[in-house]
Amino acid sequence: MTLAGQNTPLLREMTVNNERAKRVAETVLVPPEKTRILTISNQKGGVGKTTTAVNLAASLARKGMRVLVIDLDPQGNASTALGVEHHNGVVGSFEVLVDGLAMADAVKQSPEHQNLLCLPATIDLAGAEIEMVGYESREHVLARSLQEFLASQEHPIHFVFIDSPPSFGLLTVNALVAATEVLVPIQCEYYALEGVTQLMNNIDRVRKGLNPNLIIGGILLTMFDNRTNLSSDVAEDVRKYFPKETLNATIPRSVRLSEAPSYQQTAISYDPKNSGSLAYQEAAIELAQRGVIK
Ligand code: ATP
Ligand code: MG
């Protein structure tokens, strides 16, 4: 049986997605003048922080940008998705933060793309906050190490994505102090906005005390389900409160996005033409093209 001449929803989606993929492929990105360092932050668990970090990073790498992902979550999910080893004994963000290891000695290239680098996280990182308690200016350790790494690169790094854990401890504070921008994923679900006020207050506190240049670089709606009114209501609310910050691209709920990590891949290499992967590629282009919002 042939699909030709039929107008099924599946066929319509395929046609639309082919057009979106074509537009993504045709877009040429200009590298930013200065490295943009984006911390993906939301103290709420499971809202899509890691999925966002790795898929935006992979999208930009494919577009010719040099990208570093810093895994700052002891769960090591970003390292897994980028196919970078992070078992016991691998040096990574723990050694950089706690032992003062140069970042260049721990950064690995992701097998996914030559432009894609990753500082992996091992489970050791779970003890880092305790180890660092007595350190002088302990909130600035990552920032200093990252700046040293960026300065040492022969070819400039254009984007850094820092994946932070679902808590507001010293690791997340280090991530926010090292960043130029915060990107907040918000899951299109009930209670989505609960906690966002607290997050914004925390970001404000970091800005006042530790990193005066930190801005909200964007808000990304994730796990949008177009079959429910709830998703649309939440999306509408978020856009009302944050009209300037919220990206037009919205990430749909997609099984492909959630199954890619089990193949040690981002969805961008696992299935680039899937709706979820396309949405991340569009979000990456939007972020890069709109530059730093004022
Ligand atoms: P944590 O707070 O534990 O670090 P997180 O905020 O990093 O979580 P993710 O790990 O990215 O969130 O996502 C949580 C779960 O939801 C994962 O299993 C992921 O594969 C899945 N997921 C993320 N985004 C989507 C999506 N758009 N559609 C379907 N599943 C998704
Ligand atoms: Mg995560």
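Reading the values: rules and limits
- Residues numbered from 1 in each chain as written.
- Chains lettered and ligands numbered in written order.
- Predicted model: local features only at pLDDT ≥ 70, side-chain atom pairs only at ≥ 80, totals over all residues.
- Heavy atoms only, no water.
- Helix = DSSP H or I, 4+ residues; strand = E, 2+ residues; numbered from the N terminus.
- Rg over C-alpha atoms; globule rule 2.2 N^0.38 Å.
- Buried < 20%, exposed > 50% of the residue type's maximum accessible area, 1.4 Å probe, protein only.
- Contact = heavy atoms within 4.5 Å.
- Areas by Shrake-Rupley, 256 points an atom, 1.4 Å probe, with all protein chains shown as cover.
- Lys, Arg positive; Asp, Glu negative; His and termini not counted.
- Charge placed at Lys NZ, Arg CZ, Asp CG, Glu CD.
- Phe/Tyr/Trp six-rings, centres within 6.5 Å; stacked < 30°, edge-to-face > 60°.
- Core = buried A, V, L, I, M, F, W, Y, C linked by side-chain atoms within 4.5 Å.
- Pairing = 2+ DSSP bridges.
- Axes fitted to C-alpha atoms, helices over the stretch in contact; angles between N-to-C directions.
- Parallel < 35°, antiparallel > 145°, perpendicular 65-115°, else oblique.
- Nonpolar A, V, L, I, M, F, W, Y, C, P; charged D, E, K, R; others polar.
- Salt bridge = Lys/Arg side-chain N within 4 Å of Asp/Glu carboxyl O.
- Near = heavy atom within 4 Å.
- Polar contact = N/O pair within 3.5 Å; in protein donor to acceptor, adjacent residues only side chain to side chain.

A.B. asks: Sorry if this is basic, but what is going on with the overall build of the protein here?
C.D. replies: When helices and strands are tallied, the protein shows 12 helices and 7 strands. In terms of C-alpha radius of gyration, the protein reaches 19 Å, essentially the compact-globule figure of 19 Å for 294 residues. For the protein, the residues scored as buried account for 52% of the 294 residues in total. Taking the contacts inside the protein whose residues are at least 6 apart along the sequence as the reference set, 79% of them involve residues at least 24 apart. A total accessible area of about 13800 Å² is found for the protein, and carbon and sulfur atoms account for 52% of it. Of the charged side chains in the protein, 26 are positive and 32 negative, and the gap between their average positions amounts to 7 Å.

A.B. asks: Just checking my understanding: could you explain the packing of aromatic side chains for this structure?
C.D. replies: When we look at a pair of aromatic rings, we describe it by the centre distance and by the angle of the planes. Under the counting rule described, the total for this entry stands at 2 aromatic pairs. Their ring planes at 10 degrees and their centres at 6.3 Å tell us that Phe159 and Phe161 sit as a pair that is stacked. By the burial criterion, Phe159 is buried, and Phe161 matches it. Measuring from ring centre to ring centre gives 5.0 Å for Tyr263 and Tyr270, while their planes differ by 20 degrees; the resulting arrangement is stacked.

A.B. asks: How do you make sense of the nonpolar core when you look at a structure like this?
C.D. replies: Side chains that are nonpolar tend, in soluble globular proteins, to be buried together. The biggest cluster of nonpolar side chains holds 53 residues, and the ones touching the most others in it are Leu68, Ile70, Leu97, Met103, Leu146, Val160 and Ile162. Per element, the largest residue contribution to this core is 7 residues, and it comes from helix H7 (residues 170-178). Look past the residues within four positions of Ile70 in its chain and what remains in contact with it is Met103, Leu119, Leu142, Leu146, Val160, Phe161, Ile162 and Asp163. Counting 38 residues, the second-largest nonpolar core is a separate cluster that includes Leu56, Cys118, Ile251 and Tyr280.

A.B. asks: I'm lost on the pairing of strand S7 (residues 215-222) in this one. Help?
C.D. replies: Put simply, side chains in a regular strand alternate between the two faces of the sheet. For S7, a buried count of 7 out of 8 residues is recorded, marking the element as mostly surrounded by other parts of the structure. In the sheet, strand S6 (residues 181-187) pairs with S7 via 7 bridges, with the strands oriented parallel. Bridge pairing links Pro185 to Leu220 in S7.

A.B. asks: Is there a simple way to think about the packing of helix H2 (residues 49-62) against helix H12 (residues 275-290) in this case?
C.D. replies: Between two packed helices, both the angle of their axes relative to each other and the distance between the axes serve to describe the pair. Running from N to C, H2 and H12 cross one another at 70 degrees; their axes reach a closest spacing of 8 Å. Comparing the axis directions of H2 and H12 gives the class roughly perpendicular. Facing H2, whose interface residues are Thr51, Thr52, Asn55, Leu56, Ser59 and Leu60, H12 presents Tyr280, Gln281, Ala283, Ala284, Leu287 and Ala288. Of the residues that constitute the contact of H2 with H12, the class distribution is 7 nonpolar, 5 polar and no charged.

A.B. asks: Help me understand the pattern of salt bridges, please; the structure alone is not making it clear to me.
C.D. replies: A side chain of one charge can pair with a side chain of the opposite charge if their charged atoms are brought near each other. In total, this model carries 7 salt bridges according to the counting rule given. Between Arg20 and Glu282 there is a salt bridge, with the nearest N and O atoms lying 2.8 Å from each other. With Arg20 in helix H1 (residues 9-26) and Glu282 in helix H12, this pair connects stretches of sequence that are 262 residues apart. Residue Arg256 pairs with Glu259 through a salt bridge whose shortest N-O separation is 2.6 Å. Of this pair, Arg256 and Glu259 both sit in helix H10 (residues 255-259), 3 residues apart, which is roughly one turn of the helix. When its relative accessible area of 23% is taken as the criterion, Glu259 is described as partly exposed. Shared partners join several salt bridges into a network, and the residues in it are Arg256, Glu259 and Asp271.

A.B. asks: Help me understand the site of ligand 1, please; the structure alone is not making it clear to me.
C.D. replies: Contacts to ligand 1 come from 17 residues, most closely from Lys49, Thr50, Thr51, Pro252 and Ser254. In this structure, an oxygen atom belonging to ligand 1 sits 3.0 Å away from a main-chain N or O atom of Gly46. For ligand 1, a nitrogen atom lies 2.9 Å from a polar atom in the backbone of Pro252. The fraction of the free accessible surface of ligand 1 (620 Å²) that becomes covered by protein chains is 80%. Secondary-structure elements contributing two or more residues to the shell around ligand 1 are H2 and H10. Sorting elements by how many residues they give to the shell around ligand 1 places H2 first, with 3 residues. Taken together, the residues of the shell around ligand 1 break down into 6 nonpolar, 8 polar and 3 charged.

A.B. asks: Whenever I open this one, the side chain of Thr222 confuses me. Can you help?
C.D. replies: Within the secondary structure layout, Thr222 lies in strand S7. Sequence-distant contacts of Thr222, that is, excluding residues within four places in its chain, are made with Val47, Thr52, Pro185, Ile186, Gln187, Cys188, Ile251 and Tyr280.

A.B. asks: Whenever I open this one, the pairing of strand S4 (residues 116-119) confuses me. Can you help?
C.D. replies: Here S4 shows two buried faces, one formed by Leu116 and Cys118 and the other by Leu117 and Leu119. Pairing geometry for strand S2 (residues 67-71) and S4, over 4 bridges, is parallel. If you follow Ile70 over to S4, its bridge partner there is Leu119. Where strand S3 (residues 108-109) meets S4, 2 bridges bridge the pair, whose relative direction is antiparallel. Considered in S4, the bridge of Gln109 is made with Leu117. With antiparallel pairing between neighbouring strands as the criterion, S3 and S4 make up a hairpin whose turn holds 6 residues.

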